[in-house]
Each structure stands twice: as C-alpha cells, then as structure tokens.
Amino acid sequence: MRRPLATAGGVVTHAAIVLIDLETEEGIAGASYAWTPAPYVVKPLAQLVEALGGLLKGDPVAPIPIEQKLRKRLTLLGVQGLQALAVSGIDVACWDVVAKAAGLPLASLLGGSPRPIPAYNSNGLGIMGPERAAAEAVELAAPGFKAIKVRLGYPTIAEDVAVVRAVRRAVGDAVILMSDYNQALLPPEAEARARALDAEGLAWIEEPVRFDDYVGCARVAAAASTPIQIGESCWGVHDMQKALDANACDLFMPDLGKIGGVTGWLRAAALAEPRGLPISTHLFPEVSAHLMAVTPTAHWLEYMDWASPILAEPLALRDGHAIIPERPGNGLAWNEEAVARFLVP
C-alpha cells in the first residue's frame with residue numbers, strides 16, 4: 001500500500017486481494033475481487049472461491065438464484081468470514097456479467113444512471129500523532145477532496161482531541177472530517193471520548209466499540225451528539241437488522257464483501273430507506289460507486305486506492321467525486337502486467 005494504515009487495532013501494510021473472474025459459455029467474463037487485511041488468508045480464500053465456483057458450472061448467470069444456491073450449500077458451515085467474502089465476490093462477478101450482457105453500466109442496469117458520487121479520502125491518516133497527521137491530511141485533501149477521515153484510539157482522550165484539532169487547523173473548516181476508532185474502546189471509555197469530541201465538529205465517529213456489541217454502541221450513540229457510524233463489520237443484512245433494532249447507530253456503512261455483494265447491498269439499501277438512514281460505503285470504491293447511484297439514502301463513498309495498482313482503469317476522481325465509468329459492467333478490468341508482478345505464488 002502506498003500509505004500503510006496504522007489503526008488502533010493494528011497496522012495494515014498490504015492489500016491482500018483475491019481476483020475473481022467468472023467466465024461464461026457466451027464469452028462474457030465478469031470480474032470482482034475479495035479483499036482481506038490479512039495476507040495469510042489469500043490462499044484459503046482463493047481456494048474457497050474456486051471450490052464454490054465449481055458448484056456453478058452450467059448454471060445460468062442469474063445472481064439471486066446463484067446466491068441462494070451457495071447459501072443453501074453453506075447452511076451448516078454458515079455464511080460469515082471467508083465464506084461470506086467468497087459468496088459476495090462471486091455475486092459481484094455475476095452482476096458484472098449481467099450488466100455486460102445488457103450493454104449497460106451496472107448503475108444503469110440496476111435502474112439508476114452514472115453520476116458523480118461524493119467521496120471522502122480514506123487513504124492514510126492512521127495513528128501517527130498530531131504533526132504527521134496534520135501534514136498527511138493536507139496531502140489527502142489536495143486532489144480536491146471535500147472530506148477526509150482520521151483514525152483515532154490514542155492512549156488518552158487528550159491525544160485524540162489534539163490530533164483532531166491539528167488536522168482541522170491544517171485543512172480548514174471547508175473540509176469535512178470523519179473519525180474512526182476501529183472497535184478499539186469499551187463502551188464506558190467510548191462514551192467519554194465521544195462526549196469529548198462532540199465539540200470538534202466531526203461528521204461521524206466510526207466503530208467506537210466491538211462491532212457486534214449493539215447494546216454498547218447504542219449506549220454511545222445515545223450519549224453523543226456526534227453521529228455514530230457502523231456497519232462495515234456486519235455479516236449480511238441480518239446483522240444489519242440487529243444493529244438497527246438496537247438503535248446502535250445514526251449512520252450505516254455496509255462493506256460490499258461482507259454485506260453480500262450487489263445482492264446484499266440492494267437489501268441493505270432497502271432496509272435503510274424507510275428509516276431515512278444515510279448509507280455510506282466501505283472499501284471497494286469501484287463497484288460501490290455504482291451502488292450508491294441507486295441507493296435512496298446515499299451519503300458518502302469511501303475512497304481508497306488499494307486496488308488501483310492492479311486495475312487497467314482505476315476509478316476516476318473529479319472535484320472530490322467518484323466518476324462512474326459509462327462502459328458496460330462494473331468497471332473492473334485487470335492490468336495483467338501488474339497482476340503478474342504482484343501475484344502471490
């Protein structure tokens with residue numbers, strides 16, 4: 001990664017990606033990728049994708065029946081963890097095939113139209129102290145981003161506040177600032193830190209406590225005036241429903257790989273719409289941009305360039321917005337030379 005990311009939960013230095021190609025008898029190929037922060041997971045995840053793909057030989061490329069078939073085969077094992085990442089990756093590739101067969105961008109196939117999607121720069125700004133964070137914040141905002149995100153979870157509340165203030169001074173009031181604790185805190189500490197940050201004008205406080213402690217997160221959300229953002233760690237819409245039932249958040253950000261791919265995302269958007277719940281994205285900006293174009297309560301696209309080095313045409317950006325490509329499909333195509341260079345043997 002160009003900017004290694006130090007979070008309160010650990011340091012991410014490499015983007016460990018499994019590339020998925022779905023080939024059809026008609027000669028149309030669908031593309032997607034599965035992402036993991038742990039390089040040692042790449043091989044078993046690739047093996048699982050290949051094994052599940054073998055169950056689909058000869059099937060029509062119909063995303064929902066394929067998803068139902070795979071979930072049924074995984075009933076006893078469960079559809080969390082690597083299984084969820086594999087099923088989601090296959091689902092995204094299926095939708096890519098359908099969009100290409102229709103000659104439409106994925107956004108158009110789903111009933112929307114390609115449009116600029118507001119994005120915040122989520123590259124970098126890890127745990128690095130006030131001075132370095134301030135300098136990097138300026139770099140992240142420089143290409144025209146109107147919003148950036150800083151990671152928190154320093155040893156003390158005072159240090160968290162100092163970093164936020166340093167970044168704010170560096171980028172000015174015109175840049176929106178999000179924050180992320182990466183599940184680092186217990187509820188009492190999270191409540192105290194959220195209250196301390198309430199005066200700092202943050203757009204949100206993300207994952208202050210363990211992702212599945214919905215009661216604890218609801219406690220923080222009730223105590224803070226700053227919106228609480230969660231969702232990237234929820235495995236599918238059933239986890240999302242638990243979070244919503246517990247009033248655990250003010251905002252929600254599904255992860256394409258964990259929520260269930262395109263099919264799961266559409267279900268998540270349907271859950272959010274009647275509540276007026278703003279939906280942002282987590283990772284996978286290339287495909288997620290298409291989905292934001294058909295999400296009624298679309299909020300912010302998280303931009304990270306982690307897959308860009310192996311893409312033939314990385315996601316384009318203009319004035320802090322992601323530009324959805326007009327070509328058929330989800331926009332993913334591999335730079336085969338780069339893939340060969342980065343390939344894990």
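These numbers come from a predicted model, not from an experiment.

The rules behind each value
- Residues numbered from 1 in each chain as written.
- Predicted model: local features only at pLDDT ≥ 70, side-chain atom pairs only at ≥ 80, totals over all residues.
- Heavy atoms only, no water.
- Salt bridge = Lys/Arg side-chain N within 4 Å of Asp/Glu carboxyl O.
- Helix = DSSP H or I, 4+ residues; strand = E, 2+ residues; numbered from the N terminus.
- Buried < 20%, exposed > 50% of the residue type's maximum accessible area, 1.4 Å probe, protein only.
- Pairing = 2+ DSSP bridges.
- Right-handed = clockwise from strand over helix to strand, strands pointing away.
- Axes fitted to C-alpha atoms, helices over the stretch in contact; angles between N-to-C directions.
- Parallel < 35°, antiparallel > 145°, perpendicular 65-115°, else oblique.
- Left-handed = near helix turned anticlockwise from the far one by under 90°.
- Contact = heavy atoms within 4.5 Å.
- Nonpolar A, V, L, I, M, F, W, Y, C, P; charged D, E, K, R; others polar.

Caption draft 1: Quick look at the pattern of salt bridges. For the coordinates displayed, the defined rule picks out 19 salt bridges. In this structure, Arg3 and Glu139 form a salt bridge, with 3.0 Å as the shortest nitrogen-oxygen distance. One end of the pair, Arg3, is in the segment before strand S1 (5-7); the other, Glu139, is in helix H5 (residues 130-141), and 136 residues separate them in sequence. Across the pair Lys100 and Asp96 runs a salt bridge, and its minimum N-O distance is 3.1 Å. With a gap of four residues between them, Lys100 and Asp96 both fall in helix H3 (residues 81-102), about one helical turn apart. Classification of Asp96 by relative accessible area gives buried; the value is 1%.

Caption draft 2: Focus on the pairing of strand S7 (residues 176-180). Where burial is concerned, most of S7 is hidden: four out of the five residues are buried. Relative to S7, strand S6 (residues 147-151) runs parallel, the two sharing five bridges. Following the sheet pairing, Lys149 is matched in S7 by Met178. Handedness of the crossover is the feature at issue here: the chain leaves S6, passes through helix H6 (residues 157-171), returns alongside S7, and the resulting connection is right-handed. Where S7 lies against strand S8 (residues 205-206), two bridges are found, and the strand directions are parallel. In the strand pairing of S8, Ser179 is matched with Ile205. Crossover connection from S7 via helix H7 (residues 187-197) to parallel S8: handedness right-handed.

Caption draft 3: Quick peek at the packing of helix H2 (residues 63-73) against H3. Two numbers describe how H2 lies on H3: the axes approach to 9 Å, and their chain directions differ by 160°. In terms of orientation, H2 lies roughly antiparallel with respect to H3. Our pair here, H2 against H3, has a crossing hand that is right-handed. Here Pro63, Ile66, Glu67 and Leu70 of H2 lie close against H3, whose contacting residues are Val87, Ile90, Asp91, Cys94, Trp95 and Val98. Looking at the contact of H2 with H3 residue by residue, the classes come out as eight nonpolar, no polar and two charged.

Just distances and angles here, no functional claims.
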